[in-house]
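Overview (structure and organization)
Now for the letters of each chain:
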Amino acid sequence: MSEKILLSIKDVSTAFKINGEYYTAIDKVSLDLHQDEVLAIVGESGSGKSTLATSIIGLHNMNATKINGEIDFNGRDILKLNESEFNQLRGNDMGMIFQDPLAALNPLMRIGDQIKETLDVHSDMTENQKNARVHELIDQVGIPNPERVARQFPHELSGGMRQRIIIAIAIANKPELIIADEPTTALDVTIQAQILDLLKDIQQENHAGIILITHDLGVVAEVADTVAVMYAGEIVEQGPVDIIFNEPKHPYTRSLLRAMPTLDTENDDLYVIEGSVPSIKKMDRNSDLFAPRIPWVPVTPGHPEIKEVAPGHLVRGENWKYFKFKDEV
Amino acid sequence: MAEKPEVNEAMAGVPKTPQEINEQDVVVSAPSTLKTVIREFKQDKVATVALILLIVLFVVVAVWSFFIPNSKVTDVNIMDQYLQMGTSGHILGTDEQGRDLLLMLIASAKNSLFIALMITIIGQVFGIIFGMITGYFGGIVDTIIMRIIDFWTVLPFMMIIIVLVSIVSKYNIWTLIGIIGLFSWQGTTRLIRSKVLSESDRDYVRASKTSGSSNVMIMFREVLPNLSSIIIVDSTLTFAGNIGIETTLSFLGFGLPNGTPSLGTMISAATDPTVLVSKAYVWVPAAVFIIVITVGISFVGQVLRRAFDARQRLG
């Protein structure tokens, strides 16, 4: 991990318009991503992980979305770019890996042409050079027989191969930033490990920064350098991966880790966090949003602020100091 | 007991280990679109007959009409008026002006089919462009174009076409195409819009966006190919409808200008009661021709529709 800050998100809030009213999905998120860093964003469904990713890469329909704050990418505020300036960046300096490898490939285009599309936009290579690069990329993501695969259609490939193709598209122009939105969720476990290895290899080769969005803590432990835990659209805890796993502070992080099944648990029952993430329309931004899910803990009035408790380790609120699980009280 | 060795002998012929399969030998391929279409036609005998009939008719009309001199279908020869079928070399007989009905039928069919084809092309091109724009961009653009279309579709288009045809002073086959074309793109726009709405929300469109593709590129490279099946089906079916519109106008006398034969004008001979009752050979061939073409096209269209939608397939 180098010292160069690649992406700096400052107080970014994203709100969606629902029936004419704006509802905040992400509330003042601040994050830094360095070159060569793998930053994992974890949280339940509905905690705003993907919304953050799509805010960075600009996939929101701006007719119904409001994004405030600042996202500095290599010193440029990308929220202030217009569509064509942004298109220069997307695919060239940043790439995205999608969750569902079948849906993210056009069913009617040959694999080779789909990889070539991003080369068409960003490079002035000749057709032969492009074909050579396509074969090189397919080879790089570990698929044998690139010439044949380039002529095939998505439905002729397996799920793992499709996800490799998605990765090949994302890295075609050697981007500095790769956003991986649950890249292994749709794959089975053996393929997951392969895809994660591939991502790591690519990151080391290209010196890219990766934002890895996942709800699989096993994946986080395996590949991430730093972790940001999100709940209800805000970061509740953030820090290096070993600290988050070994000395988690925030009740939510601790609950998440406790809910993860391990091989040596003797108890047959899994730990369950009570309740669920509040709906976007019912989030009261002036209260502690996680408090309703740990009702045995006394509620502190007002919205908790995020504070640095150790160098590089940020935790929201104060109640972690006296938080105990229900069965420990 | 005696049979046992025999069985073993027979087993010996089967190789014990499965043959090694080379990766190169394994060809994974789904049936091509053409194969699916052919398979669907095999399942539907009526449509196959219709397709063959259509091809034969189209080829005959397209080729033969080139060899019919214009004078044959415009010159009046009162001496040969209302000749019966098969008399003095006129296979289908002659009409009121003494013109050979077979030649008239071919020349009319050529005009009618050509007009219907052009209207279909106009309708599809504008329908696809407007449908893609409204469906893809949505928002205020969508609202404006869709409200215009709503307004347009409630207009009584037959009446307006008749009025336009009457007030345009010097009109020929192209002005007629233009006027009918004005009312041919709304249905297609709606259809394309609805499909684009669902397509442009798909992940592959978003993925293409993250590659930095511009909106125009996404619309034409990503979304358009995924619309090809409904475009093919829609253009086939609207083509049949457009033949009906042109012949209706010509029948009413507001279609093609005088001197340009049309299937509609041939049928309008039946407005004379004596022709209608006792000289059926004058108008029946043209009527049958229209019925065969439009019904045939819709059979073929149904087969295409089924072939492109896996859930509806028969074979």
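What counts, and at which threshold
- Residues numbered from 1 in each chain as written.
- Chains lettered and ligands numbered in written order.
- Predicted model: local features only at pLDDT ≥ 70, side-chain atom pairs only at ≥ 80, totals over all residues.
- Heavy atoms only, no water.
- Helix = DSSP H or I, 4+ residues; strand = E, 2+ residues; numbered from the N terminus.
- Rg over C-alpha atoms; globule rule 2.2 N^0.38 Å.
- Buried < 20%, exposed > 50% of the residue type's maximum accessible area, 1.4 Å probe, protein only.
- Contact = heavy atoms within 4.5 Å.
- Areas by Shrake-Rupley, 256 points an atom, 1.4 Å probe, with all protein chains shown as cover.
- Lys, Arg positive; Asp, Glu negative; His and termini not counted.
- Charge placed at Lys NZ, Arg CZ, Asp CG, Glu CD.
- Axes fitted to C-alpha atoms, helices over the stretch in contact; angles between N-to-C directions.
- Parallel < 35°, antiparallel > 145°, perpendicular 65-115°, else oblique.
- Left-handed = near helix turned anticlockwise from the far one by under 90°.
- Nonpolar A, V, L, I, M, F, W, Y, C, P; charged D, E, K, R; others polar.
- pLDDT = per-residue confidence, 0-100.
- Pairing = 2+ DSSP bridges.
- Salt bridge = Lys/Arg side-chain N within 4 Å of Asp/Glu carboxyl O.
- 1 Å grid on protein atoms, 1.4 Å probe; cavity = no way out; pocket = protein on both sides within 12 Å on 5 of 7 lines; lining within 4 Å.
- Points joined across faces, edges and corners; volume = space filled by probe spheres on them.
- Buried area = accessible area lost by both parts, 1.4 Å probe.
- Polar contact = N/O pair within 3.5 Å; in protein donor to acceptor, adjacent residues only side chain to side chain.

With that settled, the discussion passes to the overall build of chain A. In terms of regular secondary structure, chain A is built from 10 helices and 12 strands. Against the 2.2 N^0.38 benchmark of 20 Å for 329 residues, chain A shows a C-alpha radius of gyration of 21 Å, consistent with a compact globule. Looking at chain A as a whole, 52% of its 329 residues qualify as buried. Taking all contacts inside chain A whose residues are at least 6 apart in sequence as the whole, residues at least 24 apart take part in 67%. As displayed, chain A offers around 14,800 Å² of accessible surface, 50% of which is attributable to carbon and sulfur atoms. Here chain A contributes 31 positive and 50 negative side-chain charges, whose respective centroids are spaced 5 Å apart.

The next thing to look at is the packing of helix 3 (residues 45–64) of chain B against helix 14 (residues 284–308) of chain B. All names here are of chain B. Here helix 3 crosses helix 14 at 130 degrees, and the two axes come no closer than 8 Å. Overall, the two elements helix 3 and helix 14 adopt an arrangement that is oblique. For the pair helix 3 and helix 14, the sense of crossing is left-handed. Here Val46, Ala47, Ala50, Leu51, Leu53, Leu54, Leu57, Phe58 and Val61 of helix 3 lie close against helix 14, whose contacting residues are Phe289, Val292, Ile293, Gly296, Ile297, Phe299, Val300 and Val303. Residues of the contact of helix 3 with helix 14, tallied by class, amount to 16 nonpolar, 1 polar and no charged.

What follows covers the confidence of the model for chain B. Residues and elements named next belong to chain B. In the predicted model, chain B carries a mean pLDDT of 84, and 90% of its residues have values of at least 70. Taken as a whole, residues 1–12 scores under 50 in pLDDT and shows 0 contacts with residues more than four places along the chain or in a different chain. Our summary of model confidence lists the complex with pTM equal to 0.78 and ipTM equal to 0.81.

The next subject is the pairing of strand 11 (residues 306–310) of chain A. Residues and elements named next belong to chain A. When strand 11 meets strand 12 (residues 313–316), the two strands line up antiparallel, connected through 4 bridges. The residue of strand 12 that forms the bridge with Lys307 is Val315. The hairpin formed by strand 11 and strand 12 contains 2 residues between the paired strands, and Gly312 there has a positive phi angle of roughly 80 degrees.

All right, on to the pattern of salt bridges then. Under the defined criterion, the tally for this structure stands at 26 salt bridges over all chains. A salt bridge links Lys80 of chain A to Asp77 of chain A, with the nearest nitrogen and oxygen atoms 2.9 Å apart. A salt bridge links Lys321 of chain A to Glu318 of chain A; the shortest N-O distance between them is 2.5 Å. When its relative accessible area of 55% is taken as the criterion, Lys321 of chain A is described as exposed. Three or more residues are tied together by salt bridges with common partners; here these are Asp113, Lys116, Asp120, Glu127 and Lys130 of chain A together with Arg221 of chain B.

Once that is clear, we can look at empty space enclosed by the protein. On inspection of all chains with the given rule, the structure shows 5 cavities of 30 Å³ or more. By volume, the largest cavity is sized at about 170 Å³. As for the largest cavity, its lining consists of 17 residues, and the residues nearest its centre are Ala104 and Ile169 of chain A together with Ala207, Ser208 and Ser211 of chain B. The greatest single-element share of the lining of the largest cavity, amounting to 4 residues, is contributed by helix 10 (residues 203–210) of chain B.

With 26 residues of chain B at the contact, the number on the chain A side is 32 residues. Contact between chain B and chain A buries roughly 2,200 Å² in total, counting both sides, with carbon and sulfur atoms accounting for 47%. The three residues of chain B that bury the most area against chain A are Thr210, Ser211 and Arg221 of chain B, which together make up 26% of that side's buried surface. Across the contact surface, chain B and chain A share 1 salt bridge. Here Arg221 of chain B and Asp120 of chain A are joined by a salt bridge, their closest N and O atoms 2.9 Å apart. The tally of links from chain B across to chain A stands at 10 residue pairs in polar contact (both at pLDDT 80 or more). Of all the secondary structure elements, the ones that give two or more residues to the side of chain B that touches chain A are helix 10 and helix 11 (215–252) of chain B. Across the side of chain B that touches chain A, the residue classes tally to 8 nonpolar, 12 polar and 6 charged.

Residue and element names in this part refer to chain A. In spatial order, the strands read 6-7-8-3-9-10-12-11; together these 8 strands make up an open sheet with mixed pairing. At either end of the open sheet lies a strand with only one pairing partner, and these are strand 6 (94–97) and strand 11. Looking at each pair of strands side by side, their axes are set apart by 20 degrees on average, direction ignored. Sheet analysis places strand 6 next to strand 7 (residues 177–181), joined by 4 bridges and oriented parallel. In the strand pairing of strand 7, Met94 is matched with Leu177. Sitting on the sheet, helix 7 (residues 189–206) touches strand 3 (38–42), strand 6, strand 7 and strand 8 (209–214), and the angle it makes with strand 8 is about 160 degrees. Strand contacts of helix 10 (residues 251–259): strand 9 (226–231) and strand 10 (234–240), with the helix running at about 105 degrees to strand 9, the strand carrying the most contacts.

This brings us to the layout of surface pockets. Of the voids in this model, the largest pocket is the one considered here, and its volume is about 1,300 Å³. As for the largest pocket, its lining consists of 37 residues, and the residues nearest its centre are Leu108 of chain A together with Asn226, Ser229, Phe308 and Arg313 of chain B. Looking at the lining of the largest pocket, the elements with two or more residues in it are helix 2 (33–43), helix 9 (186–199), helix 11 and helix 14 of chain B. Among the residues forming the lining of the largest pocket, the class breakdown is 19 nonpolar, 9 polar and 9 charged. Considering only enclosed or pocket space, the second largest pocket measures out at about 850 Å³ in volume. Lining the second largest pocket are 30 residues; nearest its centre among them are Leu59, His60, Asn61 and Met62 of chain A together with Lys209 of chain B. Where the lining of the second largest pocket is concerned, the elements lending two or more residues are helix 1 (49–57) and helix 2 (83–89) of chain A together with helix 5 (101–137) and helix 10 of chain B. The greatest single-element share of the lining of the second largest pocket, amounting to 4 residues, is contributed by helix 1 of chain A.

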